[in-house]
There are 2 protein chains.
Amino acid sequence: MISEKTISRLTNYQTLLRQQQSMGTSHIFSHQLADLARVTPAQVRRDLMVIGYSGNPRTGYHVGDLQESLMQFFAFSTGIPTVLVGVGSLGRALLSYFMTGRSNIRILAAFDTDPVKTGRSISGCRVHPMTRLRETVADLTVTCGLITVPGTEAQKVVDALIASGIHGFVNFAPVRLKVPPTVFVENLDVTSSIEKAAFFARSYSLKTQEEQTHE
Amino acid sequence: MISEKTISRLTNYQTLLRQQQSMGTSHIFSHQLADLARVTPAQVRRDLMVIGYSGNPRTGYHVGDLQESLMQFFAFSTGIPTVLVGVGSLGRALLSYFMTGRSNIRILAAFDTDPVKTGRSISGCRVHPMTRLRETVADLTVTCGLITVPGTEAQKVVDALIASGIHGFVNFAPVRLKVPPTVFVENLDVTSSIEKAAFFARSYSLKTQEEQTHE
DNA sequence: TTCACGCTGTGACAAATTTCACAGCTAGAC
DNA sequence: GTCTAGCTGTGAAATTTGTCACAGCGTGAA
């Protein structure tokens, strides 16, 4: 079994390699990729082991080939089909970001309970009423659901999407969802992340002050 | 040294306890909190060790007291003062979410380079021109910076904020920032998270299909 | 008061993850 | 062709993180 952390880093490498390729880099060493990704060179080599791509001791990794291998590993060559549920301010922000299509994320449909928001398109994405979620999703081949509803609604939304056959979610609501073991949830809780950053900020800040005092 | 994961879980407990308290729960056992947070009871007890709060073998943890201890540990009783840089669609979404103030995050000021956006308020938060970042931040006591600018701008923005004395960041741009060891960065890369969820969705989905075939 | 149940707190253990360190290889120099 | 510098790939060690299991204790029952 391959770990979450490894997958996160691999997606990151993919992004970085795309940037490098557009800058005309044809070959790259593990330590260079490591610098870009802010990890150790050994970590890069370990990670690349799992996708089976081999570099060359003298020239490093061929950027194009490595990207190809990553694409194949992730099987995302045609983009990632998703649906978004909850067209609040965050939902709209995500629509506006992803519908302009600079990434390989495709939002195929959006849903909301509010009749004011449904029936029209936002950033070019059709917003359907929540009641038609099941039938609409059944017609599409969706890999991942984006949950941008209030915390109180999140559980019933994932339940419905799981019933429609979706196995992966990114949950922006500040609750922990209850899902069967065949379903993956990535929690993106902004508040929690800010609290975390604030905690370490404080601790680093205090440490810095102490050191300055001792000098 | 206390780990990032522990801090994440502690902030989560805090949120859950707040909910429980508003529901009138006065005492809670480690296994109950564990169920809410989707972790093991042992994990909860271990985590609570670090803040020094002790429960009672017969009645569990006192919700109010525990919350108090967590507050004290995080020293967030007055809220977390932040600034936001980059008033694009995501920046506006965060402003609209946090300025309504149901959390302890306080966005004290926003910044953008676009003259169209500066000089006015969005969701009740004043948007300043980027050129006045340094002086404005110096006047405030800010713990954490929220980076919602395009990837190409992110590095120069954090550099400026670090120079203004900020030690913690939540970075929404899809780049890895280069910061000194006295600065903490929490990366919230939505694209990367969706890719990760999509990968595991696919793998779980395939596994489920296989199992059904074998039956 | 005494007893017993079932929880907490924690040392010891197990698993996961990262880093080390080095054998083996390959392209370029000569 | 031969040599060499410096990389990759990978076992093994180290570190980090999570779990187990149980001694010890506090509360309510009798």
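See the structure above.
Caption draft 1: Helix α2 (residues 30-37) of chain B, seen in detail. Residues and elements named next belong to chain B. By the burial criterion, the buried members of α2 are S30, L33, A34 and A37. Across the axial projection of α2, the buried residues extend over an arc of 105 degrees, all falling on one side. The elements touched by buried residues of α2 are α1 (4-22), β1 (27-28), α3 (41-51) and β2 (61-62). Among the residues trailing α2, R38 stands out with phi positive, at a value near 60 degrees.

Caption draft 2: Representation of the relation of the copies chain B and chain A. Between chain B and chain A, the superposition needs a rotation of 180 degrees and an axial shift of 0.0 Å, giving an RMSD of 0.1 Å. Taken together, these values place the two copies in the relation of a two-fold axis. Every residue of chain B has its C-alpha some distance from the rotation axis, and the shortest such distance is that of A93 of chain B, at 3.1 Å. With an isologous cut-off of 70% or more, the 98% of interface residues of chain B that recur at the interface of chain A puts this contact in the isologous class.

Caption draft 3: Quick peek at empty space enclosed by the protein. For the structure on display, the rule yields 2 cavities of 30 Å³ or more. Empty space within the largest cavity amounts to approximately 60 Å³. Lining the largest cavity, in full, are L90, L94, F172, L188 and V190 of chain A together with L90, L94, F172, L188 and V190 of chain B. Of all the elements in the fold, those that place two or more residues in the lining of the largest cavity are α5 (89-99) of chain A together with α5 (89-99) of chain B. Split by residue class, the lining of the largest cavity holds 10 nonpolar, no polar and no charged. Of the pockets and cavities examined, the second largest cavity occupies roughly 40 Å³. Every residue lining the second largest cavity is listed: A173, P174, V175, R176, N187 and D189 of chain A together with N12 and T15 of chain B.

Caption draft 4: Just the pattern of salt bridges, in detail. One pass over the structure, following the stated rule, counts 11 salt bridges over all chains. Taking the shortest distance from any N to any O, the salt bridge between K196 of chain B and E4 of chain A comes out at 3.1 Å. Here E4 of chain A lies in helix α1 (residues 4-22) and K196 of chain B lies in helix α8 (residues 190-214), a pairing that spans two chains. Under the relative-accessibility criterion, E4 of chain A is labelled partly exposed at 38%. A salt bridge links D112 of chain B to K117 of chain B, with the nearest nitrogen and oxygen atoms 4.0 Å apart. Residues participating in the shared-partner salt-bridge network are E4 and E186 of chain A together with K196 of chain B.

Procedures and definitions
Residues numbered from 1 in each chain as written. Chains lettered and ligands numbered in written order. Predicted model: local features only at pLDDT ≥ 70, side-chain atom pairs only at ≥ 80, totals over all residues. Heavy atoms only, no water. Buried < 20%, exposed > 50% of the residue type's maximum accessible area, 1.4 Å probe, protein only. Helix = DSSP H or I, 4+ residues; strand = E, 2+ residues; numbered from the N terminus. Arc of directions from axis to C-beta. Contact = heavy atoms within 4.5 Å. Least-squares fit on C-alpha atoms with pLDDT ≥ 70 in both. 1 Å grid on protein atoms, 1.4 Å probe; cavity = no way out; pocket = protein on both sides within 12 Å on 5 of 7 lines; lining within 4 Å. Points joined across faces, edges and corners; volume = space filled by probe spheres on them. Nonpolar A, V, L, I, M, F, W, Y, C, P; charged D, E, K, R; others polar. Salt bridge = Lys/Arg side-chain N within 4 Å of Asp/Glu carboxyl O.

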